[in-house]
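# Structural features, examined
Spelled out, the chains give:
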Amino acid sequence: MALNIKPLSDRVLIEPVAAETQTASGIFIPDTAKEKPQKGIVVAVGNGTKDHDMTVKVGDTVLYGKYAGTELKFEGKDYLIMKEEEIFAVI
């Protein structure tokens, strides 16, 4: 399904990956103790600015700050829109 959102300049649209519901040792994490996901998949990328070319591309899995970006709900799905400089790494 094609997404009808095109970020402007150096902004990136990210679909957060679902938070873990179980630890590595098998303990289930209750909803009240879950942290915000810090990993997501790039869904759309802006064109960049005249001084800055975009380094991430659609389909990249990225790590970002816990409070980075602006939350956005579109067609029943949750997304984050943020500047590329708020992304820490591409996995």
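For the structure given in this document, a descriptive report is provided here. (Residues numbered from 1 in each chain as written. Predicted model: local features only at pLDDT ≥ 70, side-chain atom pairs only at ≥ 80, totals over all residues. Heavy atoms only, no water.)

### A short note on the pattern of salt bridges
- Under the criterion given, the structure shown has four salt bridges.
- Between Arg 11 and Asp 10 there is a salt bridge; the shortest N-O distance is 3.7 Å.
- Between Glu 15 and Lys 77 there is a salt bridge, with the nearest N and O atoms lying 3.4 Å from each other. Here the residue Glu 15 occupies a position in strand β1 (residues 11–16), and Lys 77 occupies one in strand β5 (residues 77–83), the gap between them amounting to 62 residues. (Salt bridge = Lys/Arg side-chain N within 4 Å of Asp/Glu carboxyl O. Helix = DSSP H or I, 4+ residues; strand = E, 2+ residues; numbered from the N terminus.)

### As for the side chain of Asp 60
- Structurally, the position occupied by Asp 60 is in the loop between β2 (39–45) and β3 (61–64).
- Take Asp 60: its relative accessible area is 11%, and that puts it in the buried class.
- A distance of 3.0 Å separates a polar atom in the side chain of Asp 60 from the backbone nitrogen of Lys 57. (Buried < 20%, exposed > 50% of the residue type's maximum accessible area, 1.4 Å probe, protein only. Polar contact = N/O pair within 3.5 Å; in protein donor to acceptor, adjacent residues only side chain to side chain.)

### What to know about the nonpolar core
- Core analysis: the largest hydrophobic core is formed by 12 residues, namely Val 12, Ile 14, Val 42, Val 45, Met 54, Val 56, Val 62, Tyr 64, Ala 68, Leu 80, Met 82 and Ile 87.
- Secondary-structure elements contributing two or more residues to this core are β1, β2, β3 and β5.
- If we ignore the near neighbours within four places in the chain, the residues touching Val 42 are Val 12, Leu 13, Ile 14, Lys 57, Val 58, Gly 59, Asp 60 and Val 62. (Core = buried A, V, L, I, M, F, W, Y, C linked by side-chain atoms within 4.5 Å. Contact = heavy atoms within 4.5 Å.)

### Notes on the environment of Val 43
- Looking at where Val 43 falls in the secondary structure, it is placed in strand β2.
- Between the C-alpha atom of Val 43 and that of Asp 60, which follows or precedes it by 17 residues, the distance is 8.3 Å.
- Once you skip the residues sitting within four places of it in the chain, Val 43 turns out to touch Leu 3, Leu 13, Ile 14, Glu 15, Val 58 and Tyr 79.

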